[in-house]
Amino acid sequence: MRFAPSFPLSLLTVSLLSHSAIAQQENEIERIETTSSRIQGSMNASGYAVSSISEESLSLLSFQHIQESLNYIAGAGVQRGNGQEYLPALRSPVLTGAGACGGILAAEDGIALRAAGFCNINELFEAHGEIAQRIDVIKGPASALYGSNAIHGVINVVTPDTTQGDGELSLDYGSYGFHRVKLKEGKDFGHSGVGIAASITRDNGYRDEEGVDQEKVSLRHRIEWDNTVITSGLTYTHLDQETAGYIEGFESYKNTQIAKSNPNPEAFRKAESFRLWSKFDTSLNGGHALSITPYVRNQDMRFRMHFLPGKPLETNAQKGVGVLSQFNYVLNNNVSADVGLDVEYTEGELTQSQDSATEGSAFLVETIPVGKHYDFDVDATLIAPFFSFNWQSERWAISVGGRFESMQYDYTNNMNVGRVREDGTECGFGGCRYTRPADSENDFDNFSPKLSLRYQLTPQTQLFGGIARGYRAPQATELYRLQRAQTVADLDSVTADNVEMGVTGVLPDGSYTLSLYSLQKDNVIYRDSDFFNVSNGETWHRGVELSFDQRLSDALRLDFAGTYARHTYEHSQLSGEEDIKGNDIDTAPKLQFNARLSFDVSKKVQTQLEWQHISSYFTDAENLNEYEGHDLVHARLRYSLNSDVTLYARVNNLFDTDYADRADFTSFTGPRYFPGRPRNFMITASFTL
C-alpha cells in the first residue's frame, strides 16, 4: 500500500537536510520507508514524522562523534562525553543512570543494537554511522514496530547498499591527531551483488592521556529473483578507548589547563560488537507483501567505572538471536493491514570487581570492599506480536494498531547472596554498599495501543496527529544490581502516554513541519535517597518543535531545527531537604536549535555556516545549580575538483568558545564537566572508485 500521490513526503522527512526541492524528496520515498515499515512501499503508521539526515549532509559534516549529526534533529539533545561516549536525549532531558538507555531505542538497519533488557548508554558507537547512507529518527512511542526501549523514540542508522553504485575512498585528517580512512566498494552482478564498507579511526584527543582507536566493517550481499529479494548484512565494530573523566570546580571548563587535564588517566573502555542479519522480502499476488529478518547479535565490553568510589572494573557480554517479521495484507485500494511477530532470545552476563582499596572516608573504605561486587547471568526471552489497520482516502489516512510484548528474565547469581564481601564477611556501618539478590525469574507483559491520522488540508498543507502508549521493561541492571538493604527490586514497567499534533507542508522553495507533543511517564524507575531502585516516579515532557528548509535564492539556503520544551518531576521525592515535585528535571535545556546557512559559491564550491544554541539548564534535581548554556559556530567548505575527487574543509567551534559538552552536579564533587573541544579543523579528500 503506497501513499496517494497527493500527500507530500515532508510528513515523513522533517529534515532532509541536503534537499531543496520536493521533487528531490519524492525520489527518496523508497529508502526512507525502511524505518517506519519493514516492507518497501508500505506504511503501517501514517500519522507520525520520520526525521532524516541525508547522505549529502552526513558527507559535508563527516562527524567525529555521532552527536554532531543528531544536532540536526529538532528535539534531540544528545550530550557528548569523552571519546565516543555520550548521554542520550530525544524529547527528554539528558538521560542518566542504570536504565537511562532504555528510554530511546538505538538501531542499525531497523535492528536494535542491544537486546531490550540489556541496553548500554553508549550503544550508538556500535553502529556504523561513519559510512551511513542516512540516519532516521522517530520521535515518541509512535510505531507498533518498536516496543520496549522506544518510549522517547528511535534512532536508526541506515547503512548503504554497497552492492550497487560507485565505490568511494575518503581520507580525513584533523586537529589533535585525528585521522580516519573510510572505504565503500562493491560489485553488482545484476540480480546479485556483494559489497563492503569499512572505517578506521585514530584520535589522540586534546585532553591528557585520552584517545580513541576504532575499527568498523560492514559487509553486504544481495540476491533477487522474480518478486523476491534477500539482503544480508554483517557489521563488526571494535573500540579501544583511553577515557578522560570529569573535571571539577565551578566553570572549570573555562580554564584551559584544567580543561585539558585528565583526573582519571586509569579510565578506559574496550568493546566489540558483531551483528549478522538476512532480510527476506517478497511480493505476493494481490499486492500483499512479506518481510522476515532473522539476526544474530554478540557484544562484550570492559570498562573502568572511574565515576564510582573505588573505581571498579565492569565486564559485560551478551549474545542472542532473534527474528523480525511483517506481513502487509491489502484488502483494496483504501484499506490494508499489517501483522507481525518479533521474537528474541538473549544470554547476558555481568561482573563488577575492584582490585584496590577504596579511597575516601572511613565509611566508603569500609562499605566498598576489594573483590567482586557482582557476578550474574541473565537469560531473557521476548515475544512481541503487533498489528496495524490502515485506511486512507483522498484526504484522510488513519492507522490503528498495537503491540503486545512479553519479556521474561531468568537470573542466576554466581556469588553469595546479600550485602557481604566476596568472602562472606560483613562490612561495617550496617553492611556493604552492593547487594546481590538470590536467583529469580521475572516476567513483564505490556500492551501499547497506537492511533495516528493525517488530513490533506490543501495541496500544500497537511495536518497530522496521534495518540500512543509506550513502555519499557526494567533493565537487567535495575533488577539485579542492587544497593544497600534492598534484596529484591519490585519494579514495574515504565509506561508513557503520548499525544502529538502538527502541521507540515511545502513552501515555494522548501518545506516545514511544526509539531506539539505531551508525553507523561508513570512508574519511572529511579534510585531513591536510600539507594533503592524504585518505580513510583512520574515525569511530564511537553514541547513544540519546528523544522524547515528554505531556499532564499539560487545560491543561498537555510535549514533550521529547533525545540522549546519543559521536562518536570511530577512526583513527590525529597532530594536533600527539597521536594522536587514540579521542578525541572536536571540537564533539560528549555531551548535548543540548530541553524545552517549554505551558500553555493559556484557549481563546484559550497560553503556552510552552522549555529548551535543550547540554553541554560539546571544541573541538579533541586534546581539550585545551573549551567549557563552556550552558542557554537562551525564552518564548512566543499570543493568538487572533478567528477571523481571532492575536497572538504571544516572548522569546528569557529570562535574558540569555552563551553561544556556536559555539565553536572553531585553533592560529593560539586559542579563537574566534560569540557568541549577548542577550535579545531578537519580536511577530507574523497575519491570515487
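What to know about the overall build of the chain
Thinking step 1. Counting secondary structure elements, the chain contains 7 helices and 38 strands.
Thinking step 2. Relative to its length of 689 residues, the chain is compact, with a C-alpha radius of gyration of 25 Å against a globular reference of 26 Å.
Thinking step 3. In terms of its C-alpha atoms, the chain occupies a principal-axis envelope of roughly 70 × 55 × 50 Å.
Thinking step 4. Within the chain, the proportion of its 689 residues that are buried is 59%.

Topic: the sheet that holds strand β6 (residues 134-139)
Thinking step 1. Taken in spatial order, the 5 strands make up an open sheet running β1-β6-β7-β4-β5, and their pairing is mixed. Unpaired on one side and paired on the other, β1 (50-53) and β5 (111-112) mark the two borders of the sheet.
Thinking step 2. Summarising the sheet, strand β4 (residues 105-108) and strand β7 (residues 153-158) pair through 4 bridges and their orientation is parallel. For L105, the partnering residue across the bridge sits in β7 and is V154.

Section: the state of the cysteines
Thinking step 1. Inspection of the entire model under this criterion finds 2 disulfides.
Thinking step 2. A sulfur-sulfur distance of 2.0 Å marks the disulfide that ties C101 to C119. Measuring handedness by torsion sign, the sulfur bridge of C101 and C119 sits at about 65 degrees and is right-handed. Here C101, found in the loop between β3 (86-87) and β4, pairs with C119, found in the loop between β5 and β6; they are 18 residues apart in sequence, far enough to count as distant. Like C101, the residue C119 is buried in the burial classification.
Thinking step 3. Disulfide partner of C427: C432, at an S-S distance of 1.9 Å. On the sign convention where negative is left-handed, the bridge of C427 and C432, at about 75 degrees about the S-S bond, is right-handed. By the burial criterion, C427 is buried, and C432 matches it.
Thinking step 4. Regarding the disulfides, the chain carries the connectivity 1-2, 3-4 under sequence-order numbering of its bonded cysteines.

As for the packing of aromatic side chains
Thinking step 1. By the definition in use, this model includes 20 aromatic pairs.
Thinking step 2. On the numbers, 4.3 Å between centres and 25 degrees between planes, the contact of Y246 with F674 is stacked. Linking Y246 in the loop between β12 (228-242) and β13 (247-248) with F674 in strand β37 (residues 670-675), this pair joins segments that are 428 residues apart in sequence.
Thinking step 3. Consider the rings of Y253 and Y627, whose centres lie 5.7 Å apart with planes at 65 degrees: the pair is edge-to-face. One end of the pair, Y253, is in the loop between β13 and α5 (256-260); the other, Y627, is in strand β33 (residues 626-627), and 374 residues separate them in sequence.

Topic: the pattern of salt bridges
Thinking step 1. The full count for this structure, using the stated rule, is 41 salt bridges.
Thinking step 2. Between E85 and R269 there is a salt bridge, and its shortest N-O distance comes to 2.8 Å. Taken together, the residues E85 in the loop between β2 (79-80) and β3 and R269 in strand β14 (residues 268-283) connect sequence positions 184 residues apart.
Thinking step 3. The closest approach of N and O atoms between R403 and E405, which form a salt bridge, is 3.2 Å. Residues R403 and E405 agree in their burial class; the two are buried.
Thinking step 4. Three or more residues joined by partner-sharing salt bridges are found here, namely R38, D342, R403 and E405.

Focus on a negative patch on the surface
Thinking step 1. A contiguous patch of negative charge, built from D410, D439, E441, D443 and D445, is present on the exposed surface.
Thinking step 2. The element best represented in the negative patch is strand β21 (residues 440-458), accounting for 3 residues.
Thinking step 3. Within the element layout of this structure, D443 appears in strand β21.

Topic: the pairing of strand β17 (residues 335-354)
Thinking step 1. The sheet contact formed by strand β16 (residues 313-330) and β17 spans 15 bridges and is antiparallel. Bridged to K319 within β17 is E347.
Thinking step 2. The loop that links β16 with its antiparallel partner β17 comprises 4 residues.
Thinking step 3. Where β17 lies against strand β18 (residues 371-392), 20 bridges are found, and the strand directions are antiparallel. Directly across from V335, in β18, lies its bridge partner W391.

Brief notes about the side chain of S62
Thinking step 1. Tracing the sequence through the fold places S62 in the loop between α3 (55-61) and α4 (67-70).
Thinking step 2. A relative accessible area of 3% means that S62 is categorised as buried.
Thinking step 3. There is a polar contact of 2.8 Å between the side chain of S62 and the side chain of R180.
Thinking step 4. For S62, the contacting residues outside a window of four places in its chain are D172, R180, K182, R650, M682 and T684.

Points about the environment of V400
Thinking step 1. Along the chain, V400 falls in strand β19 (residues 396-413).
Thinking step 2. The class of V400 is partly exposed, set by a relative accessible area of 40%.
Thinking step 3. When the C-alpha positions of V400 and A380 are compared, they lie 29 Å apart, and in sequence the two are 20 residues distant.
Thinking step 4. Excluding residues that lie within four positions of it along the chain, V400 makes contacts with F387, S388, F389, K450 and L451.

Quick look at the sheet that holds strand β36 (residues 660-666)
Thinking step 1. Taken in spatial order, the 3 strands of this open sheet run β13-β37-β36, and their pairing is antiparallel. The open sheet has two edge strands with one neighbour each: β13 and β36.
Thinking step 2. Of the strand pairs in this sheet, β36 and β37 are connected by 6 bridges, and their pairing is antiparallel. Within β37, the residue paired with D664 across the bridge is R672.

Quick word on the nonpolar core
Thinking step 1. Ranked by internal contacts, the top residues of the largest apolar core, which has 30 residues, are L70, L124, I135, I155 and V157.
Thinking step 2. Looking at this core, the elements that each hand over two or more residues are α3, β3, β6 and β7.
Thinking step 3. In this structure I135 touches S51, S52, I53, L58, F63, I66, S69, L70, I155, N156 and V157, once residues within four positions along its chain are discounted.
Thinking step 4. Formed by 29 residues, the second largest nonpolar core is a distinct cluster that contains I368, F444, L479 and A489.

Things to note about the confidence of the model for the chain
Thinking step 1. Averaged over the chain, the pLDDT score is 91; the fraction of residues at 70 or greater is 93%.
Thinking step 2. Counting contacts from residues 1-33, a segment whose pLDDT is below 50, to residues more than four positions away or on other chains yields 112 contacts.

Quick notes on unusual backbone geometry
Thinking step 1. Positive phi outside glycine occurs at E209, with the angle close to 55 degrees.
Thinking step 2. We classify E209 as exposed; its relative accessible area is 56%.
Thinking step 3. Positive phi, close to 60 degrees, is recorded for R484, a residue that is not glycine.
Thinking step 4. Looking at the secondary structure, you find R484 in the loop between β23 (482-483) and β24 (494-507).

As for the pairing of β1
Thinking step 1. By the alternation rule, side chains of β1 split into V50 and S52 and S51 and I53, which are all buried.
Thinking step 2. Summarising the sheet, β1 and β6 pair through 4 bridges and their orientation is antiparallel. Looking at the pairing, S52 lines up with D136 of β6.

Regarding the side chain of E478
Thinking step 1. Within the fold, E478 resides in helix α7 (residues 476-480).
Thinking step 2. Not counting the four nearest positions on each side in its chain, E478 is found in contact with A98, G99, R472, A489, L491, I525 and N533.

Scoring rules and cut-offs
Going along each chain's sequence as written, the residues are numbered from 1 onward. Side-chain atom pairs in this predicted model are given and counted only at pLDDT of 80 or more, local residue features only at pLDDT of at least 70, and totals for whole chains, interfaces and linings cover all residues. Excluding hydrogens and water, the side-chain figures rest on all heavy atoms present in the structure. A helix here means a DSSP run of H or I that spans at least four residues, while a strand means a run of E at least two residues long, and both kinds are numbered starting from the N terminus. The atom set for the radius of gyration is the C-alpha atoms, and the globule formula is 2.2 Å times the number of residues raised to the power 0.38. Burial classes: relative accessible area under 20% of the type maximum marks a residue as buried, over 50% as exposed, and values in between as partly exposed (1.4 Å probe, protein chains only). Pairing between two strands is assigned when DSSP locates at least 2 bridges connecting them. Cysteine sulfur atoms are paired as a disulfide whenever they come within 2.5 Å of each other. Only Phe, Tyr and Trp rings are paired, with Trp represented by its six-membered ring, and only when their centres lie within 6.5 Å; those with planes under 30 degrees apart are stacked, over 60 edge-to-face, the remainder tilted. We count a salt bridge whenever a side-chain nitrogen from Lys or Arg sits within 4 Å of a carboxyl oxygen from Asp or Glu. Residues enter patches when they are more than 30% accessible in relative terms and free of salt bridges; like-charged ones are connected within 9 Å and nonpolar ones (Val, Leu, Ile, Met, Phe, Trp, Tyr) within 5 Å. Here the Shrake-Rupley method, with its probe set to 1.4 Å, supplies the accessible areas, and only the displayed protein chains count as covering residues. A positive count includes Lys and Arg, and a negative count includes Asp and Glu. His and the chain ends are not counted in either. By convention, the charge on Lys lies at NZ, on Arg at CZ, on Asp at CG and on Glu at CD. Counted as a polar contact is a pair of N or O atoms within 3.5 Å, where, for protein atoms, one must be capable of donating a hydrogen and the other of accepting one, and residues adjacent in sequence contribute only when both atoms are in side chains. For this analysis, residues touch if any pair of their heavy atoms sits within 4.5 Å. Take the buried Ala, Val, Leu, Ile, Met, Phe, Trp, Tyr and Cys residues and link them wherever side-chain atoms come within 4.5 Å; each set so joined is a nonpolar core. The predictor attaches a confidence to each residue, and that confidence, scored 0 to 100, is pLDDT.

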